[in-house]
Amino acid sequence: VNLSGSYTYMLKKQRVYFGGDDPSSPMAGMFPADGIEMGEKHALQGGIVAGMPIIAPQLWASLQLDKEAVALAEERARGSQVDLEAEVRKAYMAVLLARESLRVLEANYANAQTNYTQTAAKYEHGLVAEYDKIRMETQVKNILPNVVSARTAVSLSEAKLKVVMGLDLDTPIEITETLADYTDRVYQNLPEQTKHISLEGNSQLRQLDLQGRQLDAALKVKRMAFLPTLSMSFTYQYSFASDRFRLGDKKRWSPFSTIGLALDIPVYTGGKRYYDLRSTETQIRQLVAQRVTAESQLRLGVMNSLSEQRKALEQFASARDAVATAERGHKIAEVRYKSGASTVLELNDAEMALLQARLNYSQAVYNYMVAVFSLDALRGTTPTDAK
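The sections below set out a description of the structure shown in this document.

So, on to the overall build of the chain. Check the secondary structure of the chain and you find seven helices and six strands. Along the chain, helices and strands appear, N-terminal first, in the series β-β-β-β-α-α-α-α-β-β-α-α-α. The globule rule puts the C-alpha radius of gyration for 387 residues at 21 Å, and the 42 Å found for the chain is more than 25% above it. Dimensions of the chain along its principal axes, counting C-alpha atoms only, are 150 × 50 × 35 Å. Every one of the 387 residues in the chain was classed for burial, and the buried ones make up 32%. Long-range pairs, those at least 24 residues apart, make up 80% of the contacts in the chain with a sequence separation of at least 6. In the chain, 46 side chains carry a positive charge and 45 a negative one; their mean positions are 5 Å apart.

The method is simple in principle: a probe with the dimensions of a water molecule rolls over the atoms, and the space it marks as empty is what remains. Following the criterion strictly, the structure yields one cavity of 30 Å³ or more and no others. What lines the largest cavity is N115, Q118, T119, K122, M136, E334, Y337, K338 and L347. Element by element, the count of residues in the lining of the largest cavity is highest for helix α1 (residues 57-124), at four residues. Grouping the constituent residues of the lining of the largest cavity by class yields three nonpolar, three polar and three charged.

A separate point is the sheet that holds strand β1 (residues 2-9). Taken together, four strands build an open sheet; the order of strands is β1-β4-β5-β6 and the sheet is antiparallel. Lying at the two open borders of the sheet, with one neighbouring strand each, are β1 and β6 (253-264). Geometrically, the sheet is characterised by an average inter-axis angle of 20 degrees between neighbouring strands, direction not taken into account.

A few words on the layout of surface pockets. Of the volumes computed, that of the second largest pocket is approximately 160 Å³. Around the second largest pocket, the lining residues are R135, T138, Q139, N142, I143, N146, N348, M352 and L355. At the level of elements, α2 (130-165) and α6 (344-379) are the ones that each hand at least two residues to the lining of the second largest pocket. Among the elements that line the lining of the second largest pocket, the one with the most residues is α2, at six residues. Across the lining of the second largest pocket, the residue classes break down as three nonpolar, five polar and one charged.

Basis of the calculations
- Residues numbered from 1 in each chain as written.
- Predicted model: local features only at pLDDT ≥ 70, side-chain atom pairs only at ≥ 80, totals over all residues.
- Heavy atoms only, no water.
- Helix = DSSP H or I, 4+ residues; strand = E, 2+ residues; numbered from the N terminus.
- Rg over C-alpha atoms; globule rule 2.2 N^0.38 Å.
- Buried < 20%, exposed > 50% of the residue type's maximum accessible area, 1.4 Å probe, protein only.
- Contact = heavy atoms within 4.5 Å.
- Lys, Arg positive; Asp, Glu negative; His and termini not counted.
- Charge placed at Lys NZ, Arg CZ, Asp CG, Glu CD.
- 1 Å grid on protein atoms, 1.4 Å probe; cavity = no way out; pocket = protein on both sides within 12 Å on 5 of 7 lines; lining within 4 Å.
- Points joined across faces, edges and corners; volume = space filled by probe spheres on them.
- Nonpolar A, V, L, I, M, F, W, Y, C, P; charged D, E, K, R; others polar.
- Pairing = 2+ DSSP bridges.
- Axes fitted to C-alpha atoms, helices over the stretch in contact; angles between N-to-C directions.

Printed below as a string of structure tokens:
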């Protein structure tokens, strides 16, 4: 239903001739030879125009097409959310890893400084050789650049986290967790079998399915184009016409109304509808093949994610034992060095072994959780869904 209105001002009236200047015309002498001007200068119309389809198969089918388009848009938004949350979780784990690496390096640096101070004091009293003092001083200086790099890595990882979260880089953030808080989760997220992993929630496959449903609806719309349509129309308007623009002249206002039916039967369009139909059918077959390929690639991604989890789990178990062994070895090396039973080289080797074991342990936790987050993204699940 629409309200319509129009105004027309006639610049030059149309002239009509009835043959007044033709002696053979039955109208001869009744009308002027130069004709008669027709119409009014001012014409105003306004009223209601309504239309309703009675039989419209193509229109009804197009409503389903619109519905599928809305569902596809919603799924794309959900897919973007899944990907974004996965990126945020990975960026957050990168911050925890950078902070843990910095903590380990700072602890190692502090320990190296302590050892250097003790060794320098022993050297002053003639208890150790100058080589031991130089060796300890060199170790302190070698660790310092790594500490500086680790601090830079923390700043960069925090900046990336702010970027993926849509925060201003100047916004302060406070992180209360450490990477050690995730060690218990390693065994809570043991790798599953590939065949048990469902991809029903994967946004890419869901979008392809919705695109298929959209193409099915479009195919139905194009099939309905072969069918006739029947529609009804109704008009109720007032018209005003006068050489003088006086709207208060009631005699110049006159209503009129119409009601009608319109039948449209498609007959021939040069094959356009037929080839449109064939084109959509081809798109559907292409989409089916595309989905098969996409699912195969996603299954490969699932296998890779599970493989990364298993590898990280083995690294985690090995690194955990290595940390315990390295801590024990470092304590023994300290006692041996302080008692003069070993050289500074042995103590340095123990410290480097402990440092590497702790870094490997942190890296294994990080690798495992990132693999878990990647698998969650492939599944199409997020922590928001879990809540």
